[in-house]
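Spelled out, the chains give:
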Amino acid sequence: QLCAMCIQDINQLTPDEIAAERQRAAAEVRNYFVFPHRLADGSVRTVEVYSTPVLIGGNTRLYSIIHDITERKQAERRLAESEERLRKAFQIETVGVLFFDMEGNFLDANDAFLRMIGYDREVLKRGQLNSARVTLPEWMPRTRQAFQEVKETGRLSSYEKQLVRPDGTH
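Residues numbered from 1 in each chain as written. Predicted model: local features only at pLDDT ≥ 70, side-chain atom pairs only at ≥ 80, totals over all residues. Heavy atoms only, no water.

Caption draft 1: Layout of the sheet that holds strand E3 (residues 59–68). What the three strands build is an open sheet, ordered E1-E2-E3; its pairing is antiparallel. For this open sheet the edge positions go to strand E1 (31–38) and E3, each flanked by a neighbour on one side alone. Each neighbouring strand pair of the sheet contributes to a mean axis angle of 35°, computed without reference to strand direction. Across 10 bridges, strand E2 (residues 44–56) lies against E3 in antiparallel orientation. Looking at the pairing, Val54 lines up with Arg61 of E3. (Pairing = 2+ DSSP bridges. Helix = DSSP H or I, 4+ residues; strand = E, 2+ residues; numbered from the N terminus. Axes fitted to C-alpha atoms, helices over the stretch in contact; angles between N-to-C directions.)

So this is what it looks like as structure tokens:
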């Protein structure tokens, strides 16, 4: 978008001249700003502005590209909040938290989960832990069903199962 002051001068240029100026200005961005902008209806949007001075018809004008980044900023805020909640949950010492891929390989777990299943972090880091290794054979059909549910819906209904530790205890 071009600033209103530039419109009159730009109307005197050919389309090729305007395109050349835009391309040059975009390559030479001198200023970058992010700020809230209040609209006529009173709502506030977050905008980012890339600005560059441009010589048009002997006068220096400001060429600006303005993007509304409100949704992106809101998504970034929600992601940061979600990551913080997950970080806090991961640190709870009485709740086991496990990350796994859709093949059942354990990618990460908190210390509480590792204590529950009787393995240490080194076994996890070596990639030697998976659902089949810690799930009793009679619980594997329900485990496969749970994986299928996640694949189909992206969600998992809660269910219980017994796990087996390296010493054979459940």
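Caption draft 2: Inspection of the packing of aromatic side chains at higher detail. Counted by the stated rule, this structure contains four aromatic pairs. Centre to centre, the rings of Tyr32 and Tyr50 are 4.9 Å apart; their planes meet at 50°, and the pair counts as tilted. Of this pair, Tyr32 sits in strand E1 while Tyr50 sits in strand E2, and the two are 18 residues apart along the sequence. When its relative accessible area of 42% is taken as the criterion, Tyr32 is described as partly exposed. With 5.7 Å between their ring centres and 40° between their planes, Phe90 and Phe99 make a pair best called tilted. Judged by its relative accessible area of 30%, Phe99 is partly exposed. Across from the ring centre of Tyr159, 4.1 Å away, lies the NZ or CZ of Arg142, which sits over that ring. (Phe/Tyr/Trp six-rings, centres within 6.5 Å; stacked < 30°, edge-to-face > 60°. Buried < 20%, exposed > 50% of the residue type's maximum accessible area, 1.4 Å probe, protein only. Lys NZ or Arg CZ within 6 Å of the ring centre and 35° of its normal.)

Caption draft 3: Main features of the pattern of salt bridges. Applying the stated criterion across every chain yields a total of 11 salt bridges. Where Asp108 meets Arg121, a salt bridge forms, and the shortest distance between an N and an O atom there is 3.4 Å. One end of the pair, Asp108, is in strand E5 (residues 106–109); the other, Arg121, is in helix H5 (residues 121–125), and 13 residues separate them in sequence. Overall, Asp108 belongs to the partly exposed group, its relative accessible area being 30%. Residues joined by salt bridges that share partners form a network here, namely Glu48, Arg72, Lys73 and Glu76. (Salt bridge = Lys/Arg side-chain N within 4 Å of Asp/Glu carboxyl O.)

Caption draft 4: The arrangement of helix H7 (residues 140–153) in detail. The first and last C-alpha atoms of H7 sit 20 Å apart over 14 residues, in line with the 20 Å expected at 1.5 Å per residue. Inspection of H7 places Met140, Thr143, Ala146 and Phe147 among the buried residues, and these make up the whole buried set. Projected down its long axis, H7 shows its buried positions confined to an angular sector of 115°, all on one face. Facing away from the buried side of H7 by more than 90 degrees, the exposed set consists of Glu152 and Thr153. Those residues of H7 hidden inside the fold are in contact with strand E4 (98–100) and helix H6 (131–134). Taken from the residues just after H7, Gly154 is the one with a positive phi, measuring 80°. (Expected span 1.5 Å × (residues − 1). Arc of directions from axis to C-beta. Contact = heavy atoms within 4.5 Å.)

Caption draft 5: Quick look at the side chain of Thr70. For Thr70, the position within the fold is in helix H3 (residues 70–91). A distance of 3.4 Å separates polar atoms of two side chains, one belonging to Thr70 and the other to Arg45. Among the polar contacts made by the side chain of Thr70, one reaches the main-chain amide nitrogen of Thr46 at a distance of 2.7 Å. Leave out the neighbours within four places in its chain, and Thr70 touches Arg45 and Thr46. (Polar contact = N/O pair within 3.5 Å; in protein donor to acceptor, adjacent residues only side chain to side chain.)

Caption draft 6: Main features of the environment of Val44. Looking at the element boundaries, Val44 is found in strand E2. A sequence separation of 26 residues divides Val44 from Thr70, and the C-alpha atoms of the two residues are 8.7 Å apart. Setting aside chain neighbours within four positions, we find Val44 in contact with Pro36, His37 and Arg38.

Bear in mind that shape data such as this cannot, by itself, settle questions of function.
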